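Structural description and commentary
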Amino acid sequence: MTSSHTDCHYCLKSLRGRKYALREENAYCVACYDSLFANPCEECKQPIECDSKDLAYKDRHWHERCFKCAKCSRSLVEKPFAAKDEVLLCTECYSDEYSSKCFHCQKTIMPGSRKMEFKGSSWHESCFVCQYCRQPLGTKPLITKDNENYCVPCFEKQFAHHCYSCKKVITSGGVTYHDQPWHKECFVCAGCKTQLSGQRFISKDEYPYCVDCFSKLYAKKCAACKKPVTALGSAKFISFEERQWHGECFNCVKCSVSLVGQGFLTRQDDVLCHECGSA
């Protein structure tokens, strides 16, 4: 710049016919300006003179010729770049060194592009989609099956079991009965509607019943004590001519000796041991 000012603001030497630089409306000769205001270059540590382009990034400065990738030395002037531990790298070198690989396509997720994180893996936003409908999942609820991600509606359509009773989706837990899935809260006694999950029950005509209801509704009565006869667990019962007895009730009506596994005689509706029957 050719001077229209008279003297350098710092050294007071004449600026007539000389180049100068302005700062806050004051004129300085080149030597004074560089010594007072020139920023040191991060790369070569030399001052960036007033006739050189000063490239700045986060309060640091470079000569145009020094503003380059720390790994491949390609110029970063007017090109995208990334910083790692205060070192500048072109996007290619940064990707090779530090960028994540997409879990789906295994390609590098370039700096500046949006990245999705899920279960410790990184994804391109365009790769993080429902396996079935191909719509972006973003931050929506999802379910993973066989390393594939599904939005909840698609997963339910494709894989979820529907309760045999209420027909709604079973999202967790559930009970299997007659090869059909049930919600625990829907698997109830056909008689009293008590939940049967984890309880003993008896099947009748493809319906489950709690022991009490089945006994009241269907179990035959003991010929001796008149209480229901069931065959649950290790309980024993005796059947003879369409009559049933609890094992502990099958006794001689006269002497009360147990007839289980023994020969016996009948007299009308009574059962007797051989000794009492022969008397």
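An unreviewed UniProt entry annotates the chain as Four and a half LIM domains protein 5 originating from Probosciger aterrimus. A UniProt comment under Function (unreviewed entry) is attached to the chain, and it reads "May be involved in the regulation of spermatogenesis. Stimulates CREM transcriptional activity in a phosphorylation-independent manner." Taken verbatim from the UniProt record of the chain, the Subcellular location (unreviewed entry) comment is "Nucleus".

Pairs can form between side chains of opposite charge whenever their charged atoms are close. Across all of its chains, the model carries five salt bridges by this definition. Residues Lys53 and Glu64 are paired through a salt bridge, measuring 4.0 Å at the closest nitrogen-oxygen approach. With a gap of eleven residues between them, Lys53 in the loop between helix H1 (30-37) and strand E3 (54-57) and Glu64 in the loop between strand E4 (60-63) and strand E5 (81-84) connect regions that are remote in the sequence. The exposure class assigned to Lys53 is partly exposed, which follows from its relative accessible area of 46%. Glu64 sits in the partly exposed class, given a relative accessible area of 36%.

Attention now moves to the UniProt feature "domain: LIM zinc-binding" (unreviewed entry) in the chain. In this numbering, the UniProt entry assigns the feature "domain: LIM zinc-binding" (unreviewed entry) to residues 39-99, 100-161 and 220-279. Annotation note: span residues 39-99, helix share 11%, strand share 26%, distance between end C-alpha atoms 32 Å.

Attention now moves to the domain arrangement of the chain. For the chain, the assigned domains read domain 1 (162-218) and domain 2 (220-278). Look at where the C-alpha atoms of domain 1 and domain 2 centre, and you get two points 34 Å apart.

This part takes up the side chain of His124. Along the polypeptide, His124 turns up in strand E8 (residues 121-124). Apart from the residues within four sequence positions on either side, His124 is in contact with Cys102, Cys105, Lys107, Thr108, Ile109, Arg114 and Met116.

Attention now moves to the environment of Val211. Along the chain, Val211 turns up in helix H4 (residues 211-217). Sequence separation between Val211 and Ala21 is 190 residues, and the spatial gap between their C-alpha atoms is 102 Å.

Here the focus is the packing of aromatic side chains. Scanning all chains against the criterion turns up 19 aromatic pairs. Through pairs of rings, three or more aromatic residues link up here, namely Tyr164, Tyr177, Trp182, Phe187 and Phe201. The ring of Tyr164 has Lys167 lying over it, and the distance from NZ or CZ to the ring centre is 4.9 Å.

Now for the pairing of E4. Along any regular strand the residues' side chains alternate between the sheet's two faces. Residues Arg60 and Trp62 of E4 are buried on one face, and the alternating residues His61 and His63, pointing to the opposite face, are buried as well. Summarising the sheet, E3 and E4 pair through four bridges and their orientation is antiparallel. Counted as the bridge partner of Asp54 is His63 from E4. Between E3 and E4, which pair antiparallel one after the other, the connecting turn spans two residues, and Lys58 there sits at a positive phi close to 50°.

The rules we used
- Residues numbered from 1 in each chain as written.
- Predicted model: local features only at pLDDT ≥ 70, side-chain atom pairs only at ≥ 80, totals over all residues.
- Heavy atoms only, no water.
- UniProt positions renumbered as here; feature names shortened; annotations may be inferred.
- Salt bridge = Lys/Arg side-chain N within 4 Å of Asp/Glu carboxyl O.
- Helix = DSSP H or I, 4+ residues; strand = E, 2+ residues; numbered from the N terminus.
- Buried < 20%, exposed > 50% of the residue type's maximum accessible area, 1.4 Å probe, protein only.
- Domains from an automatic or database assignment.
- Contact = heavy atoms within 4.5 Å.
- Phe/Tyr/Trp six-rings, centres within 6.5 Å; stacked < 30°, edge-to-face > 60°.
- Lys NZ or Arg CZ within 6 Å of the ring centre and 35° of its normal.
- Pairing = 2+ DSSP bridges.

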